[in-house]
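Chain and residue survey
What follows is the residue order along each chain.
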Amino acid sequence: MIINGQTLDLAFRGFKTVYTEAFDQAETHYDKIAMTVPSSSRDESYGWIGQFPQLREWVGPRHVKNLAAHGFTITNRTFESTVAVKRSDVEDDRLGIFKPMFAEMGTFARRHPEELVFSLLKDGFTAPSFDGSTFFAADHELEIDGEKVEVSNMDAGSGPAWFLLDTSRALRPIIWQERSGYEFQSITDSNDPHVFMNDQYLYGVRARVNAGFGLWQLAYGSKATLNMTSYAAARAAMMDFRADGGRILGVKPTVLVVPPALEAAALQILNALLTEDGGSNVWANTAQLIVTPYVKG
């Protein structure tokens, strides 16, 4: 068969269709815990992180909040995945043998945000947040009633880490930033240097994205044994979180994130009607469960 532009176009559309179908069908959870922010430049600054525009009684002039008080920048990163297809395989119409590869490319592209977002939770015990402390820390500093106090959104321990999050608000614990989405591309021009020298066509995916921390008050990280006692303590701590000045934020945990090793313990807490000793389980259905290997330490 003599290869021509129509054949190449059909090959590209066929590969893209397989890629797109797999991309659309892949199950993801990152959008349940992260707020998506479109990006229009190399990086984005989040000066408003940590500011809470709560109402106060209007006495005297307005109190203007400085949204640049907390500086935090997320720089976009470029990611790619590229495969080569022999020109002779396209000429011989052997496109079917490559469909599983392009399906996997679509699946991995769709799940890539999953990896970045949930891995960020895992790293939250050592990576800094906007206030200078690590995202999960025992020493987040707030000013309450004119005094500096330290607030903890973590529980130390030696077990696998688990995370309790409030995802019910416009702000989220994690920011997912997109400069350019996951684009399927190709090089099939016979005069292209790579095609000419290697007798190969190139197909790939490119994206400019990144993930960063949002509000630490909307997240609690624990390495203590996951049971009803530690779960209840984490919920109570989160619901008492405050903004600078001491105002209650009204945090309500909605999502429990665990690695596969803690799935059984999490299901016992959130799904079982009875406790292990036969009593009523008051914590059933109090949060949505997400099990993901990307938070495994």
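A quick note: this is a predicted structure, and the numbers were derived from the prediction, not measured.

With that out of the way, let us pick up the nonpolar core. Within the largest apolar cluster, 77 residues are counted, with the highest numbers of intra-cluster contacts made by Phe102 and Leu121. Here this core gets 8 residues from one element, more than from any other, and that element is helix H4 (residues 99-122). Look past the residues within four positions of Phe102 in its chain and what remains in contact with it is Phe15, Val18, Tyr19, Val83, Val85, Phe184 and Tyr203.

Scanning all chains against the criterion turns up 4 salt bridges. The closest approach of N and O atoms between Glu143 and Lys148, which form a salt bridge, is 3.7 Å. Through salt bridges with shared partners, one network takes in Glu141, Glu143 and Lys148.

The subject of this paragraph is the packing of aromatic side chains. Considering all chains together, one arrives at 17 aromatic pairs under this definition. Seen in terms of ring centroids, Phe184 and Tyr203 are 6.4 Å apart; in terms of plane orientation they differ by 25°. Their pairing is stacked. Taken as a pair, Phe184 in strand S9 (residues 174-187) and Tyr203 in strand S10 (residues 200-213) lie far apart in primary sequence, 19 residues in all. Each member of the pair, Phe184 together with Tyr203, is buried.

Across the sheet, 4 strands lie side by side as S1-S9-S10-S4; this open sheet has mixed pairing. Of all strands in the sheet, those bounded by a partner on one side alone are strand S1 (34-38) and strand S4 (77-86). With strand direction ignored, the average angle separating the axes of adjacent strands in the sheet is 30°. Judged from the 5 bridges that link them, S1 and S9 form a sheet pairing that is parallel. Its bridge partner being in S9, Ala34 is matched across the sheet by Ile174.

What counts and what doesn't
- Residues numbered from 1 in each chain as written.
- Predicted model: local features only at pLDDT ≥ 70, side-chain atom pairs only at ≥ 80, totals over all residues.
- Heavy atoms only, no water.
- Core = buried A, V, L, I, M, F, W, Y, C linked by side-chain atoms within 4.5 Å.
- Buried < 20%, exposed > 50% of the residue type's maximum accessible area, 1.4 Å probe, protein only.
- Helix = DSSP H or I, 4+ residues; strand = E, 2+ residues; numbered from the N terminus.
- Contact = heavy atoms within 4.5 Å.
- Salt bridge = Lys/Arg side-chain N within 4 Å of Asp/Glu carboxyl O.
- Phe/Tyr/Trp six-rings, centres within 6.5 Å; stacked < 30°, edge-to-face > 60°.
- Pairing = 2+ DSSP bridges.
- Axes fitted to C-alpha atoms, helices over the stretch in contact; angles between N-to-C directions.

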